[in-house]
Amino acid sequence: MRRSSRIRVSGLRLIDTHDARADDASQVESHGREDGARHNLPSQLTSFVGRERELADIKRLLATTRILTLVGAGGIGKTRLAIQAAAHLDTSAERVWFIDLAAFSDAALVTQAVASALDVREQPDRLVLDTLIDVLRPRRALLLLDNCEHLVNACALLAAGLLRACPGLSLLATSREPLGVSGETVWRVPPLSLPM
Ligand SMILES: Nc1ncnc2c1ncn2[C@@H]1O[C@H](COP(=O)(O)OP(=O)(O)OP(=O)(O)O)[C@@H](O)[C@H]1O
Ligand SMILES: [Mg+2]
């Protein structure tokens, strides 16, 4: 059976016609922007394949650790898995924010990237980090820091500062290398096993 669905790409609405079986991509959206902005996870243009055991492991770990880093080689599926896990969490996180760090080359911009994703404006004579903490401290939230490998030290510093100050906050990171922050659970992403 074929049907149409709306997909957002960088603010544009596209009409995508696809097989109804390949429906995991639209599930990401159905939990998000259209129904009260529970998350800002990017919509996917392809269906999610397999990874049931991995998703269960990640879900279990996120219930017990405040910073979980999915680590693995480039292209192994860290980002895709993290997005899928974050879209279907049934933890107490009231809000999930996705921050893609791939395009940032300057460590000094990591905090700004997070602030921008949360729509937190810089205030005169205040560190952005402090303003960010004010916003996050009263909330139960998950930040998905995606593609951290080229900025691990900056991500580790930011993670430590936020987790210390915001008791209801958890972090899910993807990186080719662990962040090396205290309390981090490092979870190695296995290769995708396809059905024989
Ligand atoms: N389980 C999956 N189902 C469908 N597509 C997948 C799955 N895992 C990965 N992919 C696709 O494979 C490609 C690479 O995956 P992804 O970007 O998640 O890798 P990565 O480990 O984050 O790579 P990098 O280290 O370069 O950031 C993407 O196009 C992604 O959509
Ligand atoms: Mg990635």
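These figures come from a predicted structure and were not determined experimentally.

(A) Representation of the overall build of the chain. For the chain, the helix and strand inventory stands at six helices and seven strands. When the helices and strands of the chain are read in sequence order from the N terminus, they spell out β-β-α-α-β-α-β-α-α-β-α-β-β. Of all 196 residues assigned to the chain, the portion counted as buried reaches 32%.

(B) Main features of the site of ligand 1. The environment of ligand 1 is formed by 17 residues, the closest being Val49, Gly77, Lys78, Thr79 and Arg80. At three residues, the largest contribution of residues to the shell around ligand 1 is made by helix H3 (residues 78-87). Classifying every residue of the shell around ligand 1 gives four nonpolar, nine polar and four charged.

(C) Representation of the sheet that holds strand S6 (residues 169-175) in the model. Spatially, S4-S5-S6-S3-S7 is the arrangement adopted by the five strands of the open sheet, whose pairing is parallel. Two strands close off the open sheet at either side, each with one partner strand: strand S4 (95-100) and strand S7 (184-188). Between one strand axis and the next, the sheet turns by 15° as a mean value, whatever way the strands run. This element, helix H4 (residues 110-117), spans S4 and strand S5 (141-146) of the sheet and lies at about 135° to S4.

(D) Just the confidence of the model for the chain, in detail. This prediction gives the chain a mean pLDDT of 82; 78% of its residues lie at or above 70. Ignoring residues within four places in sequence, the model shows residues 1-35, a span with pLDDT below 50, making 43 contacts including any to other chains.

(E) Layout of the environment of Ser193. For Ser193, the position within the fold is in the segment after S7. Distance from Ser193 to Arg51, taken between C-alpha atoms, is 8.1 Å for residues 142 residues apart in sequence.

(F) Broad picture of H4. Looking at H4, one finds that the buried residues are Val110, Thr111 and Val114. Burial along H4 is one-sided: seen end-on, the buried residues are contained in an arc of 100°. Buried positions along H4 lie against S4, helix H5 (128-136), S5 and helix H6 (152-165). Just downstream of H4, Asp119 is the residue with a positive phi angle, here 60°.

(G) A look at the environment of Ser170. Tracing the backbone shows Ser170 in strand S6. Using a count of 22 C-beta atoms within 10 Å as the deciding quantity, one classes Ser170 as buried. Counting along the chain gives 107 residues from Ser170 to Ala63, while the straight-line C-alpha distance between them is 9.3 Å.

(H) View of the pairing of strand S3 (residues 67-71). The buried fraction of S3 is high, at five of five residues. Side chains of S3 alternate between two faces, with Ile67, Thr69 and Val71 and Leu68 and Leu70 buried alike. By the bridge criterion, five bridges tie S3 to S6 in an arrangement that is parallel. Looking across to S6, one finds that Ile67 is bridged to Leu171. Where S3 and S7 come together, five bridges link them in parallel fashion. Paired with Ile67 across the two strands is Glu184, which belongs to S7.

(I) Expanded view of the nonpolar core. Ala86, Leu143, Leu144, Leu145, Cys155, Ala159 and Leu172 are the most contacted members of the largest nonpolar core, which totals 45 residues. Sorting elements by how many residues they give to this core places H6 first, with seven residues. Look past the residues within four positions of Leu143 in its chain and what remains in contact with it is Trp97, Ile99, Val114, Leu169 and Leu171.

Basis of the calculations
- Residues numbered from 1 in each chain as written.
- Chains lettered and ligands numbered in written order.
- Predicted model: local features only at pLDDT ≥ 70, side-chain atom pairs only at ≥ 80, totals over all residues.
- Helix = DSSP H or I, 4+ residues; strand = E, 2+ residues; numbered from the N terminus.
- Buried ≥ 20, exposed ≤ 12 C-beta atoms within 10 Å, placed from the backbone.
- Near = placed C-beta within 6 Å.
- Nonpolar A, V, L, I, M, F, W, Y, C, P; charged D, E, K, R; others polar.
- Pairing = 2+ DSSP bridges.
- Axes fitted to C-alpha atoms, helices over the stretch in contact; angles between N-to-C directions.
- Contact = placed C-beta atoms within 7 Å.
- pLDDT = per-residue confidence, 0-100.
- Arc of directions from axis to C-beta.
- Core = buried A, V, L, I, M, F, W, Y, C linked by C-beta atoms within 7 Å.

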